[in-house]
Amino acid sequence: MPSTNPATRPSSRRFVWLGVAILAAIALWTIGWYTVAARIEAHLPVAMQQIAGTDASAECANAEIRGYPFRFGLFCDRLGYINPKDALALEAGALRSAAQFYRPGHVVSEIDGPLLISAPGLELQIDWQILQSSIRATTLGLDRGSIDSRNVSIDIDGTGLQQKLALAAECFTAHARKNGLDLDIAAYGEHVRGNIIADTGASTLTLEATLPGRAGLLDMPYQPLLPPYEAQVHRLSVSFEGDVSLEITGPVRIAADGLVSGDLQISIRGQDQIAEIVARFNPEMGENVRRFGPMLAALDSVPGDDAITLPLTIRNGNLSMGMFPLGRLPAL
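Residues numbered from 1 in each chain as written. Predicted model: local features only at pLDDT ≥ 70, side-chain atom pairs only at ≥ 80, totals over all residues. Heavy atoms only, no water.

## Topic: the environment of glycine 286
Within the element layout of this structure, glycine 286 appears in helix 3 (residues 283–291). For glycine 286 and threonine 173, which are 113 residues apart along the polypeptide, the C-alpha to C-alpha distance reads 30 Å. Excluding anything up to four places from it in sequence, glycine 286 contacts Ala275, Val278 and Ala279. (Helix = DSSP H or I, 4+ residues; strand = E, 2+ residues; numbered from the N terminus. Contact = heavy atoms within 4.5 Å.)

Structure, rendered in structure tokens:
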């Protein structure tokens, strides 16, 4: 009869027990994952109400938690937000998100368009081919967030606009982060085109600004940015082909009635082309830019470069460049 080596028996038993331990760990992990997922789904209506606040409601239609075994992700067919008090409504398409189990506060997601926004005096529709987001969440709300999108189109209609605005960009990114009590925001668009800048070869759009004391906009419950508020514009610029550009910096204030005031600096390259673009948005303002052009050039506060730099003053919506009135801005 063949002999059995007694030394192999403990090794075999260890292998069996290792297999049993692995299977038990997988079973416990599976039970734990689905238990946590079920609790998240059960708590989701409460969480959505916390995000929306007492005067509003938020919806994540047909919500489901997915991502087993190493992720937790919220999936839903449609997103919605309604605030009857402020007559504000938002609606977007499906949401797909994911967070690693060891970094639950860092969530990446993908959202389908279009995004429809309705507010008093404003109708906004934004659509895209791809939109991805990344957020870092805390127990209070968000610490920061970013979006990255491709082939974006924007249609804006408002009571203060003389015509509907249509914009499109091949690439658009936006960022927001808490900076102490302040909120830093930035947005960048590439290969921008639209009905008010048609045939100008617009290439880039840049906004970098700080909203003092508004870090709470990223907290729960969500609160829309309503006037009055202030902003420090670090850079607001649009560039076109042929070294034509417009750049604005400085502080602005939006009053409770939506009227804008501010003491800004404006730098213009390609004055005639800028006047033509402005005229498409506001004919009176564009005509004034043309009329005062030679005198504005003589008042350049930074001579020696290829731009005209002047103070841009706004008082309750009334816009002037130096001593020359340009027109009136609509209320926001």
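## Things to note about the state of the cysteines
Tallying each qualifying case throughout the model produces one disulfide. In this model cysteine 60 forms its disulfide with cysteine 76; the gap between the sulfur atoms is 2.4 Å. Residues cysteine 60 and cysteine 76 share a disulfide whose torsion about the S-S bond is about -105°; that sign makes it left-handed. Here the residue cysteine 60 occupies a position in strand 1 (residues 57–61), and cysteine 76 occupies one in strand 3 (residues 71–76), the gap between them amounting to 16 residues. Taken as a pair, cysteine 60 and cysteine 76 share a single burial class, namely buried. (Disulfide = S-S within 2.5 Å. Buried < 20%, exposed > 50% of the residue type's maximum accessible area, 1.4 Å probe, protein only.)

## Re the confidence of the model for the protein
When the pLDDT values of the protein are averaged, the result is 86; 92% of them are 70 or greater. Of all the helices and strands in the protein, helix 4 (residues 293–298) carries the lowest mean pLDDT, 70, while strand 7 (residues 106–111) carries the highest, 96. (pLDDT = per-residue confidence, 0-100.)

## Considerations on a nonpolar patch on the surface
On the surface, Leu18, Ile22, Leu23, Ile26, Trp29, Tyr34, Tyr68, Phe70, Phe101 and Tyr102 cluster together into a nonpolar patch covering about 1,100 Å² of accessible area. Looking at the element boundaries, tyrosine 34 is found in helix 1 (residues 8–52). According to the relative accessible area criterion, tyrosine 34 is partly exposed, its value standing at 47%. (Patch = residues over 30% accessible without salt bridge, like charges linked within 9 Å, V, L, I, M, F, W, Y side chains within 5 Å. Areas by Shrake-Rupley, 256 points an atom, 1.4 Å probe, with all protein chains shown as cover. Salt bridge = Lys/Arg side-chain N within 4 Å of Asp/Glu carboxyl O.)

## Side note on the packing of aromatic side chains
The full count for this structure, using the stated rule, is nine aromatic pairs. With a centroid separation of 5.1 Å and an interplanar angle of 5°, the aromatic rings of tryptophan 33 and phenylalanine 72 are classed as stacked. Pair noted here: tryptophan 33 is in helix 1 and phenylalanine 72 is in strand 3, with a separation of 39 residues, a long-range link. A residue is classified by how much of its surface remains accessible, and tryptophan 33, at 4% relative accessible area, is buried. Taking the relative accessible area as the measure of exposure, phenylalanine 72 reaches 22% and is therefore partly exposed. For the ring pair phenylalanine 101 and tyrosine 102, a centre distance of 5.4 Å and an interplane angle of 85° mean the geometry is edge-to-face. Among the aromatic residues, those joined into a cluster by ring pairs are Trp29, Phe70, Phe101 and Tyr102. (Phe/Tyr/Trp six-rings, centres within 6.5 Å; stacked < 30°, edge-to-face > 60°.)

## Overview of the pairing of strand 18 (residues 308–315)
Relative to strand 18, strand 17 (residues 260–269) runs antiparallel, the two sharing seven bridges. Directly across from glycine 262, in strand 18, lies its bridge partner isoleucine 314. In terms of strand pairing, strand 18 meets strand 19 (residues 318–321) through four bridges, oriented antiparallel. Along strand 19, the bridge assignment pairs leucine 312 with methionine 321. (Pairing = 2+ DSSP bridges.)

## Description of the side chain of threonine 309
Along the chain, threonine 309 falls in strand 18. For threonine 309, the side chain forms a polar contact with the side chain of serine 267, separated by 3.0 Å. (Polar contact = N/O pair within 3.5 Å; in protein donor to acceptor, adjacent residues only side chain to side chain.)

## A few points about the pattern of salt bridges
If the charged atoms of two oppositely charged side chains come close together, the side chains can form a pair. As enumerated under the stated definition, the model contains 11 salt bridges in all. Residue lysine 85 pairs with aspartate 55 through a salt bridge whose shortest N-O separation is 3.9 Å. Taken together, the residues span a long stretch of sequence, with lysine 85 in the loop between strand 4 (78–83) and strand 5 (88–92) and aspartate 55 in the loop between helix 1 and strand 1 at a distance of 30 residues. Assessed through its relative accessible area of 65%, lysine 85 is described here as exposed.

## So, the nonpolar core
Across soluble globular proteins, nonpolar side chains show a tendency to be buried alongside one another. Counting residues in each nonpolar core, the largest one holds 34 residues, and the members touching the most others are Ile266, Ile274, Leu312, Met321 and Leu326. Broken down by secondary-structure element, the contributors of at least two residues to this core are strand 15 (229–240), strand 16 (244–254), strand 17, helix 2 (271–281), helix 3, strand 18, strand 19 and strand 20 (324–328). (Core = buried A, V, L, I, M, F, W, Y, C linked by side-chain atoms within 4.5 Å.)

## Some remarks on helix 3
Along helix 3, the positions that sit buried rather than exposed are Met285, Gly286, Asn288 and Val289. One side of helix 3 holds all its buried residues, which, seen down the axis, span an arc of 160°. (Arc of directions from axis to C-beta.)

## What to know about the pairing of strand 3
Residues in a regular strand point their side chains to alternate faces of the sheet. Direction of pairing for strand 2 (residues 64–66) relative to strand 3: antiparallel, over a ladder of three bridges. Counterpart to arginine 66 in the pairing with strand 3 is glycine 73. Where strand 3 meets strand 6 (residues 95–100), four bridges bridge the pair, whose relative direction is antiparallel. Bridging across to strand 6, cysteine 76 finds its partner in leucine 95.

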